[in-house]
Each structure stands twice: as C-alpha cells, then as structure tokens.
Amino acid sequence: MNRAVVTGLALLAAVVVQVAIAPQIALFGVVPNLVFLVVVTLALLEGPVAGSVAGFVGGLLFDLLGASVVGPYALVFCVAGYVAGLINANMLAEGWLLPVSVVFIASVGAEITYGVIMAVLDIGLPFWSALVRIMLLGAVYNTVLAVALYPLMTRVLRRDRTVKACLHAS
C-alpha cells in the first residue's frame, strides 16, 4: 500500500480513537494524546520531513475537532514531529528505551509549548496550575501508553515491515 495512504489512515484512525475512546480512559482528568503518539512514532521511523508533515496534518485534524482555536496543535505537533524525526538517524537499536524516552521528552515539550500558546491567547487554565495537573501528567500518561503501543504502531507504520517480536532494552 502507498506510504502516504498508510500514514493518512493511521492519523485518521488515531483522531477517531482520540475522540471516541481516549476520553473514556482519562486518568485524573488527563486524556492521552494518541495522535501525538502516532506522529512521534512516524517521525522516529521516517525522519523529520515525514514527522513534521504528519504532525501538521494530525494536529490540524485534532484542532478542527476541538472547541478551541485552530492551529496550536498543528504547530506544536509539526515541530515535535520534526524534532523527533531528527533522532531517526541516530537510533542505533530496535529497543524500546530510546523511542519511549523520545516520546516522554517530546510530550513534555509539546505539552508545555501548547500551554504557553494557550496562555498567550488567554484560553484555558492558568499555565502554572495546568503544568503539574495536566501537562506533566499527560506526558507521563503518553509515555506509559507508548510502551504498550510503540511496537504495534511500528508494525503498522514501518516501511520494511520487519520489526523484532519482543521488547528489549537498547
């Protein structure tokens, strides 16, 4: 199947699951960001250009389904996809530790950047109260889900389709 079609379907599926299922699995009021996980996984597999394009498209779809302004998630996911994609060339092993670490760092950065954008626009919770209650907890939640979902997402999104069956440290 064409690479763009697979990527588009993965992003569309992530958006649908994000809207339909993710709110049902919220912990302490924090909803995991499945679109973000697909963007970072794709960026790690395909590089910065694919990561930034997927980030922009996924973020825009995510923004369009929300009740807030359109654009912040498109910008944040685009940058996060690009930066995570830069690590693509430096990934030395198939293990799970580096990708999960990248998800955590990218998630913290994306959450804080989104919080700053929303604070500048004077929308949502005050930045400092949202930092611990939503942003950092959201990054931890995304990271925990990445441990479970990264192997599955790499099987779907990987170009050569050869992914080791078990998780091991890098």
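Engineer: Help me understand the environment of L137, please; the structure alone is not making it clear to me.
Structural biologist: Within the secondary structure, L137 is located in helix α6 (residues 127–157). Taking the C-alpha atoms as reference, L137 lies 9.6 Å from G29; in sequence the two are 108 residues apart. Contact partners of L137, with chain neighbours within four places excluded, come to L27, F28, V30 and V132.

Engineer: What should I look at first to understand the packing of aromatic side chains in this one?
Structural biologist: Two numbers describe a pair of aromatic rings. These are the distance of the centres and the angle of the planes. Under the defined criterion, the tally for this structure stands at six aromatic pairs. The interplanar angle of 55° and the centroid separation of 5.1 Å between the aromatic rings of Y73 and F77 together place this pair among those described as tilted. Taken together, the residues Y73 and F77, both in helix α4 (residues 72–86) and four residues apart, mark about one turn of the helix. Here Y73 falls in the buried class, since its relative accessible area comes to 15%. For F77, a relative accessible area of 2% puts it in the buried group. Ring centres 4.9 Å apart and planes at 85° place the aromatic pair F127 and W128 in the edge-to-face group. For W128, a relative accessible area of 66% corresponds to the exposed category. Through a chain of ring-to-ring contacts, three or more aromatic side chains come together here, namely F36, F62, Y73, F77 and Y114.

Engineer: Explain a nonpolar patch on the surface here, please?
Structural biologist: The grouping of L75, V79, Y82, V83 and L86 at the surface amounts to a nonpolar patch, some 450 Å² of accessible area in total. Locating L86 in the fold gives a position in helix α4.

Engineer: Where do I start with the nonpolar core in this structure?
Structural biologist: General note: in soluble globular proteins, nonpolar side chains tend to be found buried as a group. Counting 38 residues, the largest nonpolar core has V35, F36, L37, V38, V40 and L157 as its most contacted members. For this core, the elements supplying multiple residues, two or more each, are α1 (3–20), α2 (34–46), α3 (48–65), α4, α5 (97–120) and α6. If we skip the residues at most four places from it in the chain, V40 touches A84, V102, V103 and A106.

Engineer: What's the story with empty space enclosed by the protein in this structure? I'm lost.
Structural biologist: Gaps left between atoms are located by rolling a probe of water-molecule size over the structure's atoms. In this structure the tally under the stated criterion is one cavity of 30 Å³ or more. Its volume calculated, the largest cavity comes out at about 50 Å³. Around the largest cavity, the lining residues are N33, F36, Y73, V76, F77, S107, A110, E111, Y114 and N142. The set of elements that each furnish at least two residues to the lining of the largest cavity consists of α4 and α5. Among the elements that take part in the lining of the largest cavity, α5 stands out by supplying four residues, more than any other. Tallied by class, the residues present in the lining of the largest cavity amount to six nonpolar, three polar and one charged.

Scoring rules and cut-offs
- Residues numbered from 1 in each chain as written.
- Predicted model: local features only at pLDDT ≥ 70, side-chain atom pairs only at ≥ 80, totals over all residues.
- Heavy atoms only, no water.
- Helix = DSSP H or I, 4+ residues; strand = E, 2+ residues; numbered from the N terminus.
- Contact = heavy atoms within 4.5 Å.
- Phe/Tyr/Trp six-rings, centres within 6.5 Å; stacked < 30°, edge-to-face > 60°.
- Buried < 20%, exposed > 50% of the residue type's maximum accessible area, 1.4 Å probe, protein only.
- Patch = residues over 30% accessible without salt bridge, like charges linked within 9 Å, V, L, I, M, F, W, Y side chains within 5 Å.
- Areas by Shrake-Rupley, 256 points an atom, 1.4 Å probe, with all protein chains shown as cover.
- Salt bridge = Lys/Arg side-chain N within 4 Å of Asp/Glu carboxyl O.
- Core = buried A, V, L, I, M, F, W, Y, C linked by side-chain atoms within 4.5 Å.
- 1 Å grid on protein atoms, 1.4 Å probe; cavity = no way out; pocket = protein on both sides within 12 Å on 5 of 7 lines; lining within 4 Å.
- Points joined across faces, edges and corners; volume = space filled by probe spheres on them.
- Nonpolar A, V, L, I, M, F, W, Y, C, P; charged D, E, K, R; others polar.

This is a description of form; function is not addressed.
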